[in-house]
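Each chain, written out:
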Amino acid sequence: MEITLNVNGKQHTVEVSANTSLLDALRKLGYTSVKRGCNDGTCGACTVLLDGKPVYSCSVLAAQATGHQIQTVDSLGGQKTGWDFTLDLHPLQEAFVEVGAVQCGFCTPAMLLTAKHLLDKNPNPTEQEVRDALSGVICRCTGYEKPVKAVLLAAARMRGDEEKAHQFAAEVMPEINPVPQVEKYHHVGKPERKVDALKLVQGKPAFAEDFDMPGMLIAKVLRSPVAHARIKRIDVSKAKALPGVHAVLTWKDIPRVPYSTAGQSDPIPGPLDTFSLDNKVRFVGDRVAFVAAETEEIAEKALELIEVEYEELPVIIDPEDALKEGAPIIHDEPEYVNFGESDPKRNIAARIRIDIGDVEKGFAEADYIFEGEYEVPRAHQAYTEPHVTITYWDENDRLVVRTSTQVPFHTRRQLAPVLNLPIKKIRVVKPRIGGGFGGKQEVLIEDVAAHLTIATGRPVKYVYTDEEEFIAGRPRHHMKIRLKTGVKKDGTITANEMYALSDTGAYGGHALTVVGNTGHKAMALYVGDGEYRKHPNIRFYADTVYTNTVPTGAYRGYGATQGFFAVERHMEKIARALGMDSIEFRLKNAIREGEYHPFSLAWNEGREPAPETIETNALEEVVKRAKEAVNWDAKYGNPEWHKVPGKPHLRRGIGVAMLMQGTAIAKLDMGGAFIKMNEDGSFNMMVGAADLGTGSDTVLAQMAAEVLGVPLEDIIVTSGDTDFTPFDKGAYASSTTYVSGAAATKAAEQVAERIRIRAAAMLNARGDGEEVSPDDIVLADRKATAPDGRFVTLREIGFNSIHHENQEQIMGAASFMAPASPPPFAIQIAEVTADVETGEFWVDTLTTVADAGVVINPITASGQVEGGVNQGLGYGTTEDMPYTEDGQPLVRSFKDYHVPLAPEMPRLKTIFVETFEPTHPFGVKSVAEYPLNGVAPAVANAVYDALGASVDIGPVTPEKVWRASKEKK
Amino acid sequence: MHLEYHRPKTIDEAVALLAREEPFTVPLAGGAFLNAQSRPPAIPQEDVAVVDLQDLGLGGIKPRGNFIDIGATASLQDVVESDLPKALREAAHIETTYTRRVLQTVAGTLVAADGISPFATAMMAIDARLTLAPNDEVLLLGELYPFRWEHLRGKLITKITVPANAKFALETVAPSPLSRPLVVVAVAQWPSGRTRIVLGGWGEAPHLAMDGPEPTGAEQASRNAAYEAADYRASAEYRREVAVVLVRRALAALE
């Protein structure tokens with residue numbers, strides 16, 4: 001039927017079916033600012049205003065919207081005509097940019113429209129009203145802290161209340177204890193606006209799916225309904241015969257190449273156990289067939305027409321069952337390629353046995369032995385942009401893969417053998433990414449679209465559905481962890497032992513490295529005190545096993561998250577048993593500056609170990625600031641504080657977790673940068689790094705701008721295109737600011753040197769002063785200035801170098817390999833109120849104090865902390881992905897998987913205690929991962945403090961608290 | 001999948017469409033459930049024709065003597081912003097997020113509800129009555145749930161009526177403030193002393209624990225109602241014990 005839609009005041013006539021959603025109609029009309037997220041009425045990314053009210057356009061039919069005024073984010077602000085699309089921002093857009101409310105930007109149009117509705121209705125909302133209004137838009141990046149403040153800021157400005165506006169703008173800044181080196185910087189350490197924020201608040205077509213091509217086909221995948229089976233028979237003849245279907249592929253049609261989907265450097269540190277399509281399925285949601293058709297409806301119909309006969313096999317759900325004698329073998333394919341100690345006949349994907357020092361001697365020297373068992377769940381990254389890939393042949397017969405990936409270069413390298421194409425025939429383009437958090441450190445769907453493009457010659461688009469994200473994504477590993485710790489009466493740890501049983505699901509991507517980090521990070525923090533510091537006794541054994549559940553992968557924290565839940569619960573129990581202050585006990589045993597990282601001599605992500613010393617560690621100051629911030633001494637151990645006046649069924653509790661992480665993978669992670677100067681004194685900076693919303697493009701530009709003496713707007717950043725940017729290993733392992741930032745700095749220094757040489761020559765040629773040496777030239781304020789104050793502008797240098805004399809392209813190219821993996825250190829403190837009778841509890845505050853080296857951008861860095869805390873809170877309280885005994889996933893969509901929403905966030909506080917890490921030109925360490933890792937154990941410890949309920953299995957739910965309370969009694 | 005879309009101008013026209021044998025035709029209110037990729041189990045899973053109710057004027061919340069009429073297409077956010085009893089407004093508020101509350105209608109929410117829904121639990125406790133076109137037939141919400149589509153086929157909910165003179169309280173336990181609750185207890189008490197307790201948090205529909213002339217035996221009745229309340233989110237034992245606690249609190253909090 002033909003309908004007319006009024007969008008942003010313009011009438012559009014469009015042909016739709018009875019089933020067409022408003023979302024599809026709007027995107028078909030070119031309104032790509034309306035984002036397709038879960039497409040199921042939960043994430044909120046597709047929000048538009050209908051007669052001024054926010055609605056999910058995926059849940060409204062296009063036909064329902066006729067006769068109504070539809071408003072998208074394109075309508076906000078003034079008229080956008082002419083070349084400059086940055087004019088006339090709406091005060092909300094301006095505020096979002098100003099306070100760093102935009103991270104990945106995928107939810108930003110929805111947030112802006114919802115906020116506009118609120119302010120139209122209520123110009124002076126309270127913070128709680130803002131949070132309630134935003135409750136229907138899931139943001140996984142920001143923890144909602146800065147978006148909420150942005151709305152309050154915009155509201156204040158629109159009311160003309162500058163005092164309040166100033167207050168809200170100031171509230172987004174973290175507290176920082178700076179190092180002296182930062183004082184001289186002009187850009188580093190400053191809250192610069194994100195270089196990509198403008199396009200995102202305007203909803204411009206930046207993301208993978210915001211791109212269309214004529215003749216593009218839609219891909220769909222038939223997925224297994226059973227957890228473990230051989231495909232006895234598959235008949236695709238009816239599907240192939242359906243008009244509009246262009247290809248149907250099964251395992252019989254494509255090369256049988258074993259590979260790993262884990263996006264990692266070569267050689268992949270894990271088994272090669274995956275095929276694009278196979279004659280066996282290993283989990284509910286495993287791939288059975290690919291279809292490419294002219295429309296989504298036809299592709300879905302074709303899937304229904306494929307006939308499959310399965311020979312079902314016994315199923316393993318519990319990882320402990322995987323190791324039992326006679327267990328079904330999940331990987332019996334002869335092509336399986338082992339890595340390290342993987343042993344598919346025993347369902348072992350990876351194995352680690354590390355002994356540091358003499359653990360048994362340490363136990364023998366202990367006054368007490370503490371043992372405990374802990375369990376942590378599968379957890380989904382819950383990025384709101386689904387996986388999206390578009391593939392096509394370009395005019396040079398090269399395969400272009402436009403994909404939502406964190407690892408464009410690994411994707412190119414790993415796809416090549418799977419597709420039987422040379423690397424040089426593939427170009428991978430990373431557009432804007434709508435969050436990843438590790439979930440897109442995976443070559444997960446690119447091969448599907450690519451196989452179908454190869455089969456049809458046509459462009460193909462494949463978008464994961466909400467259900468596919470949950471049943472066939474790559475969530476965090478479920479683990480069971482045993483700990484044994486020897487302690488002396490004075491609280492000195494004499495030996496520490498961990499065994500981790502990690503469930504990799506049906507395939508073993510990241511099987512070794514995730515669990516390796518469980519020990520490498522969480523077991524490295526507590527080395528013991530006194531003589532034990534010099535010779536810590538640590539044992540870390542781990543088995544990663546296959547089960548018939550969703551394959552797991554990388555998720556922010558990368559194994560350390562699981563490890564710290566166990567270790568920090570365990571340390572809490574020990575401290576309390578010894579009658580020691582929880583924080584003081586931890587600090588007494590924590591690793592210190594100048595000491596060896598105990599694991600650095602034993603393990604390095606499946607590669608050669610690289611000995612490392614802790615160069616910087618401000619844990620003592622971190623602890624001091626944290627205790628002050630939460631008034632720890634007035635609360636911890638104070639019975640009066642634990643009472644809630646007038647509510648005898650409630651108790652308050654306070655809990656802590658101490659943390660360390662790493663920064664990149666030492667002696668392996670490498671990234672490159674290329675900078676060239678333009679005539680006007682601006683610079684193009686090409687980096688292979690993949691900004692997935694974290695702000696890495698911005699902080700890399702800040703470092704380059706610092707060296708080149710220009711404002712950030714003069715650095716034009718292009719990132720993540722395998723044809724046009726240098727190699728970078730991608731966005732993972734907390735490496736980008738450190739590795740790619742150092743590369744950008746080195747490249748900028750090369751450029752700066754050429755500028756100084758030319759500037760000196762230009763000044764000396766004038767003959768109006770003393771001879772000046774290039775070494776004396778200072779670059780600042782877009783000028784190259786001599787000690788006597790004479791200067792040439794960078795614009796003059798740009799024109800001079802390109803057009804006027806001794807012509808050259810001023811440029812620099814550099815790469816940087818991580819020489820070490822300097823750990824950031826942190827402490828997180830949770831305060832809760834818990835119900836004695838029901839086990840229900842609310843988290844009231846979460847405080848994070850960290851030594852993350854020099855903070856390049858306080859706004860983006862604190863945004864990383866706040867987002868990580870949001871994910872940690874979900875991990876600790878609501879997020880789980882259970883399975884039935886026959887392998888059916890009980891969580892199949894965002895509707896079943898509750899992530900913390902804006903009104904649910906506790907009060908957040910972030911403090912940075914800076915150190916200057918000497919292995920980096922600007923002294924940085926990583927900031928992104930530890931904020932997630934401590935929340936769950938800190939919350940569990942706070943509940944323990946409130947009720948005495950010791951919950952050792954995550955997430956901490958009311959029933960577990962209730963049961964633990966009963967056990968205590 | 002929707003086979004047809006209709007937007008009638010009158011209730012008679014809508015009812016005529018809904019009464020057709022083929023294709024299966026259902027009312028479309030906000031669309032939060034029917035237009036979703038994954039429809040709730042209570043909503044027909046097959047291909048349907050939809051009848052959009054937006055032009056029928058079925059919104060609004062109006063007092064009528066000792067009763068309050070809630071229009072079928074009034075939104076949950078309308079309930080939140082209304083003068084309805086506080087606990088009912090709270091039930092609508094915690095039912096879902098703001099944007100969904102704008103989208104979800106009261107009738108749609110009740111028809112699509114599972115046993116976890118705080119709003120359906122609350123409305124069942126307060127003994128909400130559905131008025132159905134074409135003949136203004138009255139159906140109690142509690143009667144709807146066992147046979148939803150047998151009752152509704154060919155009919156249209158036009159309004160939902162709740163008493164204005166009953167005291168009402170709601171208590172919940174959830175993993176987080178806006179996540180789906182594990183246990184919901186809704187208690188309504190009329191001036192006569194009649195007390196009605198409904199439990200939610202699991203299953204396909206809310207569970208009537210008691211409807212008696214006074215609250216005596218409320219705790220045991222609640223324990224009994226949660227006897228088989230186990231699912232992957234919580235055990236029956238937990239729900240039984242917590243229901244007793246919440247019933248006690250709700251009775252004390254009646255207002």
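Note that the coordinates shown come from a computational prediction; the quantities given were computed from them, not determined experimentally. (Residues numbered from 1 in each chain as written. Chains lettered and ligands numbered in written order. Predicted model: local features only at pLDDT ≥ 70, side-chain atom pairs only at ≥ 80, totals over all residues.)

**Topic: the pairing of strand 31 (residues 841-851) of chain A**
All names here are of chain A.
- Judged by how many residues are buried, strand 31 sits mostly within the fold: eight of 11 residues are covered.
- Joining the antiparallel neighbours strand 30 (residues 825-835) and strand 31 is a turn of five residues, in which Gly839 adopts a positive phi near 85°.
- Relative to strand 32 (residues 907-913), strand 31 runs parallel, the two being bridged by six bridges. Note on strand 32: the bridge partner recorded for Ala850 is Phe912. (Buried ≥ 20, exposed ≤ 12 C-beta atoms within 10 Å, placed from the backbone. Helix = DSSP H or I, 4+ residues; strand = E, 2+ residues; numbered from the N terminus. Pairing = 2+ DSSP bridges.)

**Concerning unusual backbone geometry**
- That bond from Glu22(B) to Pro23(B) is cis: its omega, -15°, falls within 30 degrees of zero.
- As for its position among the elements, Pro23(B) is in the loop between helix 1 (11-18) and strand 2 (25-28).
- The amide bond that connects Ala133(B) to the next residue, Pro134(B), takes the cis arrangement and shows omega of 20°.
- Structurally, Pro134(B) can be placed in the loop between strand 6 (129-133) and strand 7 (137-140).
- If you check the backbone angles, Asn8(A) has positive phi at about 50° while not being a glycine.
- Asn8(A) gets classed as partly exposed once you count the C-beta atoms within 10 Å, which come to 16.
- One non-glycine residue, Ala664(A), adopts positive backbone phi at about 75°.
- One can find Ala664(A) in the loop between strand 22 (650-660) and strand 23 (670-677).

**Quick word on the domain arrangement of chain B**
Residue and element names in this part refer to chain B.
- Taken domain by domain, chain B consists of domain 1 (2-52 + 59-112 + 127-163) and domain 2 (167-253).
- Taken together, the 12 residues of domain 1 in the interface contact 11 residues of domain 2.
- Counting residues per element, the side of domain 1 that touches domain 2 draws most heavily on helix 3 (residues 86-95), at five residues.
- A class-by-class count of the residues in the side of domain 1 that touches domain 2 yields eight nonpolar, two polar and two charged. (Domains from an automatic or database assignment. Contact = placed C-beta atoms within 7 Å. Nonpolar A, V, L, I, M, F, W, Y, C, P; charged D, E, K, R; others polar.)

**A short note on the nonpolar core**
- Judged by nonpolar contacts, the single largest core of 408 residues is most densely connected at Ala219(A), Ala704(A) and Val943(A).
- Beyond its immediate sequence surroundings of up to four residues, Val943(A) is in contact with Gly653(A), Val832(A), Ala834(A), Phe841(A), Ala949(A), Val951(A), Val956(A) and Val961(A). (Core = buried A, V, L, I, M, F, W, Y, C linked by C-beta atoms within 7 Å.)

**Brief notes about the sheet that holds strand 2 of chain B**
Residues and elements named next belong to chain B.
- Strand order across the open sheet formed by three strands is 1-3-2, with parallel pairing between neighbours. Looking at strand neighbours, the two that pair on one side only are strand 1 (2-6) and strand 2, the edges of this open sheet. Pairwise comparison of adjacent strand axes, ignoring direction, gives a mean angle of 30° for this sheet. (Axes fitted to C-alpha atoms, helices over the stretch in contact; angles between N-to-C directions.)

**Quick look at the environment of Thr718(A)**
Residues and elements named next belong to chain A.
- Positionally, Thr718 belongs in strand 25 (residues 715-719).
- Taking the C-beta count within 10 Å as the criterion, Thr718 has 14 such neighbours and is therefore assigned partly exposed.
- Beyond its immediate chain neighbours, meaning those up to four positions away, Thr718 contacts Asn684, Met686, Phe724 and Thr725.

**What to know about the interface of chain A and chain B**
- On the chain B side, the residues contacting the 42 residues of chain A number 32 residues.
- Contributions of two or more residues to the side of chain A that touches chain B are made by strand 4 (53-56), helix 4 (127-133) and helix 28 (958-968) of chain A.
- Top contributing element to the side of chain A that touches chain B by residue count: strand 4 of chain A, with four residues.
- A per-class count over the side of chain A that touches chain B returns 16 nonpolar, 17 polar and nine charged.

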